[in-house]
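Below are the chains, spelled out letter by letter.
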Amino acid sequence: QVQLVESGGGLVQAGGSLRLSCAASGRTFSSQTIGWFRQHPGEEREFVAAISSNGRFTNYAESVKGRFTISRDNAKNTVYLQMESLKPEDTAVYYCAATQYRVYDATTSTAFGSWGQGTQVTVSS
């Protein structure tokens, strides 16, 4: 099973940018779809983006499409989430997760079996 560790969160002003990283250990990383989710206080985790095992296919939530970009470097066992034009409503704890599902089938938290501990992103207005 893959182990995941997120980093890169922090405090940023509205309109700013952040890049989150998801570092993985384990032999199966390069064969798995990786997703990013976020969780607002008191709410369920919501899908943000996912990337296929080879990095060729991506999928985004409508709320972040055009502002966030997911990418991966399998040689470094790392997935990235580049976030641009951040809004206060992007404030949340961000998690990365791994699944064997195909990228377009991997949009719910129940599809993912391995999770990181999360990283806080706070966007001030």
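Since we're looking at a predicted model, the values are computed, not measured.

### Quick notes on the nonpolar core
In this structure, Trp36, Leu81, Met83 and Tyr94 are the most contacted members of the largest nonpolar core, which totals 36 residues. Elements represented by at least two residues in this core include exactly strand S3 (18-25), strand S4 (33-39), strand S5 (46-51), strand S7 (68-73), strand S8 (78-83), strand S9 (92-99) and strand S11 (119-124). In this view, Met83 contacts Gly16, Ser17, Leu18, Leu20, Arg67, Phe68, Tyr94 and Val121; residues no more than four positions away in its chain are not counted.

### Side note on the environment of Gln120
Counting through the fold element by element, Gln120 comes out in strand S11. Exposure remark for Gln120: the relative accessible area of 39% places this residue in the partly exposed category. In this structure the C-alpha to C-alpha distance between Gln120 and Ala92, which are 28 residues apart in sequence, comes to 6.1 Å. In this structure, Gln120 is in contact with Gly9, Gly10, Thr91, Ala92 and Val93, ignoring residues within four places of it in sequence.

### With respect to the side chain of Arg67
Assignment of secondary structure puts Arg67 in the loop between strand S6 (58-60) and S7. Classification of Arg67 by relative accessible area gives buried; the value is 12%. A distance of 3.0 Å separates the side chain of Arg67 from the backbone oxygen of Ser85, its partner in a polar contact. Other than its neighbours up to four places away in sequence, Arg67 contacts Gln82, Met83, Glu84, Ser85, Leu86, Lys87 and Asp90.

### So, the pattern of salt bridges
If you walk through the whole model with that rule in mind, you get 5 salt bridges. In this structure, Glu62 and Lys65 form a salt bridge, with 2.8 Å as the shortest nitrogen-oxygen distance. Exposure remark for Glu62: the relative accessible area of 63% places this residue in the exposed category. On the basis of relative accessibility, which here comes to 45%, the residue Lys65 falls in the partly exposed class.

### Describing the environment of Arg38
Mapped onto the elements of the fold, Arg38 is located in strand S4. By relative accessible area, Arg38 is classed as buried at 4%. As a C-alpha pair, Arg38 and Glu84 span 46 residues in sequence and 16 Å in three-dimensional space. Filtering out sequence-adjacent residues up to four positions away, Arg38 remains in contact with Glu44, Arg45, Glu46, Val48, Ser63, Val64, Phe68, Glu89, Asp90, Ala92, Val93 and Tyr94. In this structure the side chain of Arg38 is engaged in a polar contact, spanning 3.0 Å, whose partner is the side chain of Tyr94.

Conventions we followed
Residues numbered from 1 in each chain as written. Predicted model: local features only at pLDDT ≥ 70, side-chain atom pairs only at ≥ 80, totals over all residues. Heavy atoms only, no water. Core = buried A, V, L, I, M, F, W, Y, C linked by side-chain atoms within 4.5 Å. Buried < 20%, exposed > 50% of the residue type's maximum accessible area, 1.4 Å probe, protein only. Helix = DSSP H or I, 4+ residues; strand = E, 2+ residues; numbered from the N terminus. Contact = heavy atoms within 4.5 Å. Polar contact = N/O pair within 3.5 Å; in protein donor to acceptor, adjacent residues only side chain to side chain. Salt bridge = Lys/Arg side-chain N within 4 Å of Asp/Glu carboxyl O.

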